[in-house]
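Secondary and tertiary structure notes
Letter by letter, the chains look like this.
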Amino acid sequence: MAKTHVTMKVNGAEVEGLVEPRTLLVHFIRENLQMTGTHIGCETTHCGACTVDIDGMSVKSCTMFAVQAQGSDITTVEGMANADGTLSALQEGFRMMHGLQCGFCTPGMIVRAHRLLKENPSPSEPEIRMGISGNICRCTGYQNIVRAIQYAAAKINGVEFQEAAE
Amino acid sequence: MNDLTPTREQREAALEGMGCKRKRVEDIRFTQGKGNYVDDVKLPGMLHGDFVRSPHPHARVKKIDDSEALKVPGVLAVITAETLKTVNLAWMPTLAGDVQMVLADGKVLFQNQEVAFVVATDRYAADDGINKVIVEYEPLPPLVDPFKSMDKDAPVLREDLVGKTSGAHGPRKHDNHIFEWTVGDKELTDAAFNKAEVKIKEMISYHRTHPSPLETCQCVCSFDKIKGELTIYGTFQAPHVIRTVVALIAKLPEQKIHVIAPDIGGGFGNKVGAYPGYICAAVASIVTGKPVKWVEDRIENLTATSFARDYHMTTEIAATRDGKVTGLRVHVLADHGAFDACADPSKWPAGFFNIVTGSYDFPTAHLAVDGVYTNKAPGGVAYRCSFRVTEAAYCIERAMDILAQKLKMDPAELRLKNFIKPEQFPYHSALGWEYDSGDYHTAMRKMMETTGYAALRKEQAEKREAFKRGETREVMGLGISFFTEIVGAGPSKNCDILGIAMFDSCEIRMHPTGAGIARMGTKSQGQGHETTWAQIIATEIGIPADNIMVEEGNTDTAPYGLGTYGSRSTPVAGAAIAMAARKIKAKAQMIAAYRLEVHEDDLEFDIDGFRVKGLPEKFMSMKDICWAAYNSVPPGMEPGLEAVSYYDPPNMTYPFGAYLCVMDIDVDTGVYKVRRFYALDDCGTRINPMIIEGQVHGGLTEAFAIAMGQEIRYDEVGNVVTGSFMDFFMPTAVETPHWETDFTVTPSPHHPIGAKGVGESPNVGGVPAFSNAVNDAFSFLGSTHIQMPHDFWRNWKAAKDLGAVA
Ligand code: FES
Ligand code: FES
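None of the values given here were measured: they were computed from a predicted structure.

Once that is clear, we can look at the packing of helix α10 (residues 389-407) of chain B against helix α11 (residues 411-418) of chain B. All names here are of chain B. Look at α10 against α11: their axes get within 9 Å of each other, and the N-to-C directions meet at 110°. Considering their axes alone, α10 and α11 lie roughly perpendicular with respect to each other. The handedness of the crossing between α10 and α11 is right-handed. On α11, the residues that touch Glu397, Met400, Asp401, Leu403, Ala404 and Leu407 of α10 are Pro411, Leu414, Arg415 and Asn418. Here the contact of α10 with α11 is built from residues that sort into six nonpolar, one polar and three charged.

Here is the structure:
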């Protein structure tokens, strides 16, 4: 099949590649760019393991073609750490609050939570739960993911993290 | 001593040993997208394989034409059963003593069964190839309902077994019959029923569901023709067993097979068995001389790899009028699908279903299980459960509620009356198992006090009156579940997989600087082994957990072990770790005695080193002993500080728990709200409370899904109608309730550190709690049992059938 040249920005770096028009963005990222943090759990837009941030929106990269991302600005989990390479507040929150087990949903969760906190820096628990409802986790039962995001929100806002009362 | 001398507490805390909420070391890589899962493995020249699958549930395969497929750019090979026959791999042995087609051999037996394997240069080309393989089928009548499988005129499914009057587990009664398994004392049990004052009987179904970890099953196989070596990266919960099985069936020397299980994205039992994809990728690699990757997609995962449950349990309890149980009788019809590929230790065709007497002191019980074939996917796995314990717990916990209802007794009171008493442990059950330890009354009472059980019952009674007066359309249910698990498979005297005894292993090597590595026969799929195993070692030998690296999943370096499933890692491998550490400690003591110039018996272990009894300043730290182990050991002693332990447990362990679910259901819509869910678990010694709590949350969420909607459903002609996350209920953060956790600690008397295992308890205990809540909510309208899963529609339907909705 004829290939198309695509260029885009991924985690701040200009990248390019030759892809078939039908190549999914997630495959372009994982196979062409060799960045395997973005995962595939369903290929039907249900699980969110493949979530990346495109031009300021959370997008499931399993149901978008690479050619559709031409010229866009993408952030994947590999771009989530602080500029100095230390864990960001969100990544730290997931670790501190035990927000992951097998870690397979984690990149998608973190990328999604990143956008959620950009849009709503102090979300309530229901807002967090609704905000990550496009991301499935089979291991954690979400409770600690919610706490991880609350922890990160507190840290970003410079306030002390307080466990919500049971 | 000065102010800088660390206190005992500080020294202890520095170890981050058992009981500490140590943060997980795994998370550093996972949170940065630096995990290494199978699909991340890329080998030079790697090809991709994918399956042509059957659209029919039951059909004869007349012809497979691959000529057009082979013309597709990028397609290199199409493998069929005929290809596999040349290497004797058209059929493979299952874990349950049956055989299974790898690729359709003459006929297909379930929808989406593997028919041909297309190998191509990339995923897209493989997919193009699949669409060009032309398969000619002659449809046959499908058999969907297990209750009809042994009818006289039922279609014969397994033509390879026609006329065989016995199978792996004894006589067969019908061409579609797999086995009958009975345990217990029939005569005594029948006698108990004959003179029973009260009896209940109910058909309790535990529907077919699926573990569906977020990462599907996958592998990369690479055969090196020159060296004659096969390397397999795969999502394997039991890598060593896979290596042995490959050696046996592919007739390759075992040392030339390298099985590597890298990071695994959840397993829940789904990744225990062997699937056609592994065999086909290996054969394809041998045929093409290139590495071959096989990655299952979600539809394939849900429709063709191991389902779970599908037990139809006719349950009877005999009791006295005042609520003392006197006998239990259960007959199970088990739908095993097209091949008996259930994951059970070989001696137990129905796994540990014989824990069906639960936490209660049944004087006698009798149990029979009939396994049958149907046109459905094979491979009943122990989905977050220890070999059918989940079904057993559901069965008895539902039945106890039904009995309570009949006796007009409170279900908590009925349970308290029948619990095995603390002084009865070790307890011998009527079905032949020895429960190691337990204190059920304390757990139950703690649950009742913490949740305010009595007040909740009062509120329920008031609500029922209000409902009858027409003041509310909501009904309230209280679901109790008290479960005992049987985990830690297991003792070689009664557990094995394909004849391999179910011990587990640990090898610890301490290096001169006081850092070390522990290699294990287990394989974490999210359980956090890298973190908790180091904690056991830290406490045992006094080296900080941070200085111990834990490695799993590489058969070249790890000692032989049976892997991680059925909550066996802590009860079995956890013990192996403690035993290996104790060997290290014993040698360390000899070294310390020599260096401190005292007799070994004059030393005592003190947190992080050895001290001369009565002379506190004469102390040698473990770190210094590590150094000395390589440079100044006593004369005649071998240098080095390492040990390996293969632990064959003397018995299973029996964790237990008391759960309560409070639920409100709107009868007009069937919509339920889980108002509260409280889970008290007793898993013996707690290694890392943070991880235990996380496991409980996860298990409860899976239980919630199963009880409240998740089902693998087939239509009447054998089509799977729940093949994606669109129609297979996957709770998101929005539906998932808030979990309250609690615990008691009753250590296992025979485990070196008293630990029992917890990973699947919440699933085992959770499902009956939810189902009992729904059933309890409707019971005052006259129903005794409503089958799971309790989705909105079924709740509404139940209300309607009971006359609560016009
Ligand atoms: S893989 Fe994209 S949403 Fe599941
Ligand atoms: S941590 Fe395993 S899927 Fe979320």
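Structure's up, so let's keep going.
The next subject is helix α7 (residues 239-250) of chain B. Residue and element names in this part refer to chain B. Here α7 contains twelve residues, and its C-alpha end-to-end distance of 16 Å stays within 8% of the 16 Å for a straight helix at 1.5 Å per residue. Most of α7 sits out of view: nine of its twelve residues are buried. Along α7, the positions that sit buried rather than exposed are Pro239, His240, Val241, Ile242, Arg243, Thr244, Val245, Val246 and Ala247. Buried residues in α7 make contact with β14 (229-234), β15 (257-260), β23 (496-497) and β24 (500-501).

Another aspect to go through is the sheet that holds strand β19 (residues 365-372) of chain B. All names here are of chain B. Here five strands make up an open sheet; going across it, the order is β11-β19-β18-β17-β12 and the pairing mixed. Looking at strand neighbours, the two that pair on one side only are β11 (177-184) and β12 (198-209), the edges of this open sheet. Sheet twist, expressed as the average angle between the axes of neighbouring strands with direction ignored, equals 10°. Of the strand pairs in this sheet, β12 and strand β17 (residues 308-319) are connected by eleven bridges, and their pairing is antiparallel. Of the residues in β17, the one forming a bridge with lysine 199 is alanine 318. Packing against the sheet, α10 makes contact with β12, β17 and β18 (325-335), and its axis sits at approximately 145° to β12.

Moving on, we get to the sheet that holds strand β1 (residues 4-10) of chain A. All names here are of chain A. Overall, mixed pairing links the five strands, which are arranged β2-β1-β5-β3-β4 in an open sheet. Looking at which strands have only one partner, the edges of the open sheet turn out to be β2 (13-19) and β4 (57-60). Strand-to-strand twist of the sheet, defined as the mean angle between neighbouring strand axes without regard to direction, takes the value 40°. Relative to β2, helix α1 (residues 25-32) is tilted by about 105°, and along the sheet it contacts β1, β2, β3 (51-54) and β5 (73-75). Against the sheet, helix α3 (residues 106-119) engages β3, β4 and β5, with an angle of about 35° to β3.

Time to look at unusual backbone geometry. Residue and element names in this part refer to chain B. Following phenylalanine 425, the chain continues to proline 426 via a peptide bond in cis, the omega torsion being -5°. Note on placement: proline 426 falls in the loop between α11 and β20 (427-428). Residue proline 789 follows methionine 788 across a cis peptide bond; omega there is -15°. With respect to the element layout, proline 789 can be found in the loop between α18 (761-779) and α19 (792-801). If you check the backbone angles, phenylalanine 268 has positive phi at about 55° while not being a glycine. For phenylalanine 268, the location among the structural elements is in the loop between β15 and α8 (276-288). We classify phenylalanine 268 as buried; its relative accessible area is 11%. Backbone geometry places arginine 309, a non-glycine residue, at a positive phi of 65°.

Calculation notes
- Residues numbered from 1 in each chain as written.
- Chains lettered and ligands numbered in written order.
- Predicted model: local features only at pLDDT ≥ 70, side-chain atom pairs only at ≥ 80, totals over all residues.
- Heavy atoms only, no water.
- Axes fitted to C-alpha atoms, helices over the stretch in contact; angles between N-to-C directions.
- Helix = DSSP H or I, 4+ residues; strand = E, 2+ residues; numbered from the N terminus.
- Parallel < 35°, antiparallel > 145°, perpendicular 65-115°, else oblique.
- Left-handed = near helix turned anticlockwise from the far one by under 90°.
- Contact = heavy atoms within 4.5 Å.
- Nonpolar A, V, L, I, M, F, W, Y, C, P; charged D, E, K, R; others polar.
- Expected span 1.5 Å × (residues − 1).
- Buried < 20%, exposed > 50% of the residue type's maximum accessible area, 1.4 Å probe, protein only.
- Pairing = 2+ DSSP bridges.

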